[in-house]
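As a plain string of letters, each chain reads:
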Amino acid sequence: MNITQQSIPTARGPMAWLEAGAGWPLILLHAFPLTADMWRPQLEQVPQGWRFIAPDLRGFGRAQSLPPKGGSQITMDDYAQDVCALMDGLKIGEAVIGGLSMGGYVAFALHRQSPSRFTGLVLADTRSQADTPLGRDGRARMREVLATGGPSAVADQMLPKLLSEAARRDGAEAAHLTRAMIESNTPEAIDAAIFALMERPDSTPDLAGISCATLVVVGELDEITPVAEAQEMQRALPRSTLTVIPGAGHLSNLEQPASFSRALGDFLLAHL
Ligand code: MLT
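S.K.: Tell me about the site of the ligand, and please be specific about residues and values.
M.R.: Every residue close to the ligand is listed here: Ala31, Phe32, Ser101, Met102, Tyr105, Arg139, Met158, Ile224 and His250. Between the ligand and Phe32, the relevant distance is 2.7 Å, taken from an oxygen atom to a main-chain nitrogen or oxygen of the residue. Ser101 places a side-chain nitrogen or oxygen 2.9 Å from an oxygen atom of the ligand. Starting from 260 Å² of accessible surface for the ligand in isolation, the protein chains cover 96%. Mapped by element, the contributors of at least two residues to the shell around the ligand are helix H3 (102–113) and helix H4 (133–162).

Written as structure tokens, this is what we have:
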């Protein structure tokens, strides 16, 4: 499938994205601290009648993307407003909107801002809760690692959590791609996102009010957002289904692209 790289000026500045297919839109939001490229396996297998759009969140990825907003001040709401501005720029009123991990946190923020934009929701390897105090301490430590060692030190720290042991051992490609995405980002973009992660609100009270069809996906071996948490989140979402991706860690779409794309395709076909 032909994947194109595009950018347009929006009300909030230029936005860049990867796109494939034609038809009903699905917007895919990437994880921390990656780029839209993490969605390439899904962009390569867009079901008939669908248009997949994967933006680079503010500061991440392509040079045309928006710069971080003055260091540490960015929030999930900012990323969500950028996505709304992109939708407006593309004249897309409503779409299925999905995200993996941090992308899911952005999707929750976007749903709070503008629920009418959602024809469906995909929550992959993500959680509704805010960071715990322990989690926030970990973020503070990661900022120090970033300040001293740069993006490659963040990659060293995160790779064992992002990918399952098998993927790191046997799937050299997934590990290589993940590291390359992390190292392609600026320290400023990563630092701003850490702040946004730490400050994000608890989305759990929103779950019962999310009325669109929702797919919850989680890698069987996800250590960052484990299966039990995905099950709990799914039970609280009124119109949801859960798919566990066998043998996948946190970046389930990269580790087991065929299973992930099948779950996504089945959801799009069944619910929309
Ligand atoms: C992600 O994959 O986006 C991050 O691991 C999210 C997080 O650390 O909460």
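Okay, back to it.
S.K.: A description of the pairing of strand E1 (residues 4–10) should follow, citing residues and the corresponding values.
M.R.: Alignment of E1 against strand E2 (residues 13–21), held across seven bridges, turns out to be antiparallel. From the neighbouring strand, Ile8 faces E2, where its bridge partner is Met15.

S.K.: Report on the packing of aromatic side chains, specifying residues and quantitative values.
M.R.: The tally for this structure, following the rule as stated, stands at one aromatic pair. Centre to centre, the rings of Trp39 and Phe260 are 6.0 Å apart; their planes meet at 50°, and the pair counts as tilted. One end of the pair, Trp39, is in the loop between strand E3 (24–29) and helix H1 (40–43); the other, Phe260, is in helix H10 (residues 257–271), and 221 residues separate them in sequence. Accessibility expressed as a relative area gives 1% for Trp39, which makes it buried. Above the plane of the ring of Tyr105 lies Arg200, whose end atom (NZ or CZ) is 3.8 Å from the centre.

S.K.: I'd like a rundown of the nonpolar core, residues and numbers included.
M.R.: Phe32, Phe52, Phe60, Met76, Tyr79 and Met102 are the most contacted members of the largest nonpolar core, which totals 92 residues. Looking at this core, the element that brings in the most residues is helix H7 (residues 187–199), giving eight residues. Ignoring anything within four residues of it in the chain, the contact list for Met102 reads His30, Ala31, Phe32, Leu57, Phe60, Met76, Tyr79, Ala193 and Leu197.

S.K.: Give me the lowdown on the sheet that holds E3, citing residues and values where you can.
M.R.: Read from one edge of the open sheet, eight strands run E1-E2-E4-E3-E5-E6-E7-E8, paired in mixed fashion. Of all the strands in the sheet, the pair left with one neighbour each is E1 and strand E8 (240–245). Sheet twist, expressed as the mean angle between neighbouring strand axes with direction ignored, is 25°. Pairing analysis gives six bridges linking strand E7 (residues 214–219) to E8, with the strands arranged parallel. The partner of Thr214 across the bridge, within E8, is Ser240. The sheet strands contacting helix H2 (residues 76–89) are E1, E2, E3, strand E4 (50–55) and strand E5 (95–100), and the helix crosses E1 at an angle near 100°.

Rules used in this analysis
Numbering of residues starts from 1 in each chain and follows the order in which that chain's sequence is written. With pLDDT at 70 or above as the cut-off, local features in this predicted model cover only qualifying residues; side-chain atom pairs require 80 or more to be listed or tallied, and sums for whole chains, interfaces and linings still use all residues. For side-chain calculations, the full set of non-hydrogen atoms in the structure is used, while hydrogens and water are omitted. We call a residue near a molecule or strand as soon as one heavy atom of that residue lies within 4 Å of the molecule or strand. N or O atoms closer than or at 3.5 Å make up a polar contact, with two conditions inside protein: a donor-capable atom paired with an acceptor-capable one, and, for residues adjacent in sequence, both atoms drawn from side chains. A 1.4 Å probe and the Shrake-Rupley method give the accessible areas. Residues count as covered only by the protein chains that appear here. What counts as a helix is a DSSP run of H or I of at least four residues, what counts as a strand is a run of E of at least two, and both are numbered from the N terminus. Pairing between two strands requires that DSSP report at least two bridges joining them. Aromatic pairing here means that ring centres of Phe, Tyr or Trp (its six-membered ring) are within 6.5 Å. Orientation follows from the plane angle: under 30 degrees is stacked, over 60 is edge-to-face, and everything else is tilted. Note on classification: 1.4 Å probe, protein chains only; a residue is buried when its accessible area is under 20% of the maximum for its type, exposed when over 50%, partly exposed between these limits. Look at NZ for Lys and CZ for Arg. If either is within 6 Å of the ring centre and within 35 degrees of the ring normal, a charge sits over the ring. Each nonpolar core is a collection of buried residues, namely Ala, Val, Leu, Ile, Met, Phe, Trp, Tyr and Cys, held together in the definition by side-chain atoms within 4.5 Å. When checking whether two residues touch, look at their non-hydrogen atoms; a contact exists if any pair is within 4.5 Å. To get an axis, fit a line to the C-alpha atoms, keeping to the stretch in contact for a helix; angles then go from 0 to 180 degrees between the N-to-C directions.

Note that every value here comes from positions in space, so none of it alone points to a role or purpose.
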